[in-house]
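So you can see what is in the structure, the chains are spelled out below.
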Amino acid sequence: MFALVDCNNFYVSCERAFQPSLEGRPVVVLSNNDGCLISRSAEAKALGLKMGEPYFKVKALLQQHDVRVFSSNYALYGDMSARVVHYLSSVAPEVEVYSIDECFLDLHGMEAYHGPLAELAQTWKREIKRRTHIPVCIGIAPTKTLAKLANRLAKKLPGLEGVLHLDSDERRQWALAQTPVEDVWGIGSQYAQKLWAQGIGTAAQLAAQSEGWARKQLGGVVGARLVRELQGTSCQQLAPSEDGSLARKSIAYTRTFGEPLTEFMDVLTAVAHFTSRAAEKLRQQGSAANVLTVFISKGRYTAEPPPYTRSAVFTLPLATNDTTELLRHARAALKRLWEPGGVYKKAGVLLDGLEPAGQQQLLLFEPNEQAERRATLMAELDKVNQRFGKGAVRFATAVPGVRGLAPWAGQHQFQTLAYTTCWEDILCIRA
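Sequence order as written defines the numbering, with residues in each chain counted from 1. Since the coordinates come from a predicted model, pLDDT governs what is reported: local features require at least 70, and pairs of side-chain atoms require 80 or more to be given and counted, while whole-chain, interface and lining totals use all residues. Each side-chain value is worked out from all heavy atoms of the structure, with water and hydrogens disregarded.

1. Some details on the overall build of the protein chain
Filter applied, for reference: In this description a helix means any DSSP run of H or I spanning at least four residues, a strand means any run of E spanning at least two, and both kinds are numbered starting from the N terminus. Atoms considered for the radius of gyration are the C-alpha atoms alone. The globule rule reads 2.2 Å times the number of residues to the power 0.38. Only protein chains enter the accessibility calculation, which uses a 1.4 Å probe; a residue whose area is less than 20% of its type maximum is buried, one above 50% is exposed, and one in between is partly exposed. What makes two residues a contact is simply this: any of their non-hydrogen atoms within 4.5 Å. All tallies of charge rest on Lys and Arg as positive and Asp and Glu as negative; His and the ends of each chain are not included. By convention, the charge on Lys lies at NZ, on Arg at CZ, on Asp at CG and on Glu at CD.
When you go through the protein chain residue by residue, the secondary structure sums to 15 helices and 12 strands. Its C-alpha atoms give the protein chain a radius of gyration of 24 Å, within 12% of the compact-globule value 22 Å for 431 residues. With the C-alpha coordinates aligned to their principal axes, the bounding extent of the protein chain is approximately 65 × 55 × 55 Å. Burial analysis of the protein chain (431 residues in total) assigns 44% to the buried set. Summarising the internal contacts of the protein chain: among those between residues at least 6 apart in sequence, 68% fall at separations of at least 24. Side chains of the protein chain give 49 positive and 43 negative charges; the mean places of these two sets differ by 4 Å.

2. Remarks on the sheet that holds strand S11 (residues 309-320)
Selection criterion: We treat two strands as partners when DSSP finds at least two bridges between them. Throughout, an axis means a line fitted to C-alpha atoms (over the contacting stretch in the case of helices), and angles, computed between N-to-C directions, take values from 0 to 180 degrees.
Taken together, the four strands give an open sheet; going across it, the order is S9-S12-S10-S11, and neighbouring strands pair in antiparallel fashion. Unpaired on one side and paired on the other, strand S9 (251-261) and S11 mark the two borders of the sheet. Averaged over all adjacent pairs, the angle separating strand axes in this sheet is 15°, with direction ignored. Examined bridge by bridge, S9 and strand S12 (residues 344-356) share seven bridges and lie antiparallel to one another. Looking at S12, one finds that tyrosine 253 is bridged to valine 349.

3. Some thoughts on unusual backbone geometry
With a phi close to 40°, asparagine 9 is a non-glycine residue in the positive phi region. In this fold, asparagine 9 is placed in the loop between strand S1 (2-7) and helix H1 (10-18). Positive phi, normally seen in glycine, also occurs at aspartate 66, with a value near 55°. Examined against the element boundaries, aspartate 66 turns out to sit in the loop between helix H3 (55-64) and strand S4 (68-70).

4. Quick word on empty space enclosed by the protein
For clarity, the cut-off: With a 1 Å grid laid over protein atoms only, a set of points is called a cavity when a 1.4 Å probe fits there but cannot get out and a pocket when it is open yet has protein on both sides within 12 Å along at least five of seven lines; lining residues have an atom within 4 Å of a point. Grid points are joined across faces, edges and corners, and a volume is the space filled by probe spheres set on the points.
Following the criterion strictly, the structure yields two cavities of 30 Å³ or more and no others. Space inside the largest cavity adds up to approximately 40 Å³. Sorting the residues of the lining of the largest cavity by element identifies S1, helix H4 (74-91) and strand S6 (102-106) as the ones contributing at least two each. Considering every element that reaches the lining of the largest cavity, the biggest residue donor is H4, with three residues.

5. Brief notes about helix H12 (residues 221-230)
Within H12, burial applies to Gly223, Ala224, Leu226, Val227, Glu229 and Leu230. Positive backbone phi, approximately 105°, marks glycine 232, located one or two places after H12.

6. Considering the UniProt feature "domain: UmuC" (unreviewed entry) in the protein chain
The criterion, for reference: UniProt positions are given in the numbering used here, feature names are shortened, and annotations may be inferred rather than shown by experiment.
UniProt records the feature "domain: UmuC" (unreviewed entry) for residues 2-188 in the present numbering. Summarising residues 2-188: 45% helix, 20% strand, and an end-to-end C-alpha distance of 23 Å.

7. Quick word on the packing of aromatic side chains
Here is the rule: In summary, the pairing rule links any two rings of Phe, Tyr or Trp, Trp by its six-membered ring, whose centres are within 6.5 Å, and it sorts them by plane angle into stacked for under 30 degrees, edge-to-face for over 60 and tilted for everything else. Whether a charge sits over a ring comes down to the Lys NZ or Arg CZ being within 6 Å of the ring centre and within 35 degrees of the ring normal.
Considering all chains together, one arrives at 12 aromatic pairs under this definition. With 5.4 Å between their ring centres and 35° between their planes, phenylalanine 104 and tryptophan 185 make a pair best called tilted. Separated by 81 residues along the polypeptide, phenylalanine 104 in strand S6 and tryptophan 185 in the loop between helix H8 (169-178) and helix H9 (189-197) bring together distant segments of the chain. Using a relative accessible area of 0% as the deciding quantity, one classes phenylalanine 104 as buried. Judged by centre distance (5.4 Å) and plane angle (35°), the rings of tyrosine 253 and phenylalanine 274 are tilted. Taken together, the residues tyrosine 253 in strand S9 and phenylalanine 274 in helix H13 (residues 264-284) connect sequence positions 21 residues apart. Take tyrosine 253 and phenylalanine 274: they sit in the same class, and that class is buried. Following the ring pairs from residue to residue traces out a cluster consisting of Phe10, Tyr11, Tyr74 and Tyr77. The ring of phenylalanine 104 has lysine 144 lying over it, and the distance from NZ or CZ to the ring centre is 4.7 Å.

8. A short note on the pattern of salt bridges
Oppositely charged side chains can pair when the atoms bearing their charge come close. The condition that has to hold: Here, a salt bridge means any side-chain nitrogen of Lys or Arg that lies within 4 Å of a carboxyl oxygen of Asp or Glu.
A complete count under the given rule lists 20 salt bridges for this structure. Close ionic contact of glutamate 127 with arginine 131 constitutes a salt bridge, the shortest N to O distance being 2.8 Å. Of this pair, glutamate 127 and arginine 131 are both found in helix H6 (residues 117-132), four residues apart, which corresponds to roughly one turn of the helix. Note that aspartate 169 is salt-bridged to arginine 172, the shortest N-O span being 3.9 Å. With a gap of three residues between them, aspartate 169 and arginine 172 both fall in helix H8, about one helical turn apart. Since its relative accessible area comes to 53%, aspartate 169 is described here as exposed. The exposure class of arginine 172 is buried, given its relative accessible area of 10%. Salt bridges here are not isolated pairs; linked through shared partners, they connect Asp322, Glu325, Arg328 and Arg374.

9. Here's the deal with the environment of glutamate 102
To keep it simple, the criterion reads: Here a polar contact is taken to be a pair of N or O atoms separated by no more than 3.5 Å, where protein atoms must pair a possible hydrogen donor with a possible acceptor and residues adjacent in sequence count only if both atoms sit in side chains.
Within the secondary structure, glutamate 102 is located in strand S6. Residues glutamate 102 and tryptophan 196, 94 residues apart in the sequence, show an inter-C-alpha distance of 29 Å. In this structure, glutamate 102 is in contact with Leu4, Val5, Asp6, Glu96, Val97 and Lys148, ignoring residues within four places of it in sequence. Here lysine 148 takes part through its side chain, which lies 2.6 Å from a polar atom of the side chain of glutamate 102.

10. Regarding the sheet that holds strand S7 (residues 136-141)
Taken in spatial order, the five strands of this open sheet run S5-S6-S1-S7-S8, and their pairing is mixed. Each end of this open sheet is capped by a strand with a single partner; those strands are strand S5 (94-99) and strand S8 (163-165). Strand-to-strand, the axes of this sheet are offset by a mean angle of 15°, without reference to chain direction. In this sheet, S7 lies alongside S1 in antiparallel orientation, the contact comprising six bridges. If you follow cysteine 7 over to S7, its bridge partner there is valine 136.

Next up, the structure:
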């Protein structure tokens, strides 16, 4: 058996955890740069607010209904997610962190020792709420696809109290019949339209198809596995989790600027900052990158002609996680892309072709001692920044100009404090 634990309206729930007065009130959280709605409370959804709607378009409606608005606070959300995962890792033998608010659990063999899994899931649900104040729903089923489906129903149907266990063929068939085909994990909008055109509108009708039909209509072996999972045959096991055992295949750091930039040095500062942060993530998971990609984007709604986005890809002579080396290549990439007079709205850095650090092929003419000294320097830099805060020590290229302000920094005028990760922001209780 597998379980999917999903935090309800996660970003909103994190804000409510430290502001209980928000319970029962409509609340929304905005994306980077305060652009779009990316998390909504149930009360906000009831007002007709849609996921991804631009903030400026619904600003009047938000004010009309006294909706509380928050900027994204990823330091807080990431730490709260880690607390939920830490608890789940202590009660389940295997955990796969699927996203910041979702975890798959492997429950094989647990029923013999802990009793009915639905009752066990209710215990986990209550304990997560007590420890973190984050409400969750849990779906349990023989396959990961069915667990995802069960979780969706547990969230939608109030009589289930947030937990659904598909422990029999009858319950599985009932759940499949309740689920529109477009809500099946792995069915995108194009496949959904194709299936509806063929008279397949529910997950039950999709599960009734043959494996051969699925191979032909749903992308070969991937479609066949999806149908088999809906039929109750497990074809996917847990992937290693991001608790230190999962190395990402690529690392990206991209941002939309808070204001349009026209000066090369301003964009270079942004790209250098993005490169530095991506390099930190690279070292945290013990990897080195073989490929560096830098892109910059102009505003689409200006008089400038396309292409709006240009990118440069550098294959590095040696796989590295050294910030100095990555900055050198990032600067060269930006020079290649730069067009004087352009108005730029976004930039990003992608590190790809990752391999374990310390195992890469060395250069013929570079002394090994030099590489060791640079690795030691990066390790000490990370220690200082971990102790005194991110950005305590930075490379000069990533430091803003004389104003000390980052012109590329996104807007976050509604951002709350980092209650759990910054000493200055920890809540103080005076009795």
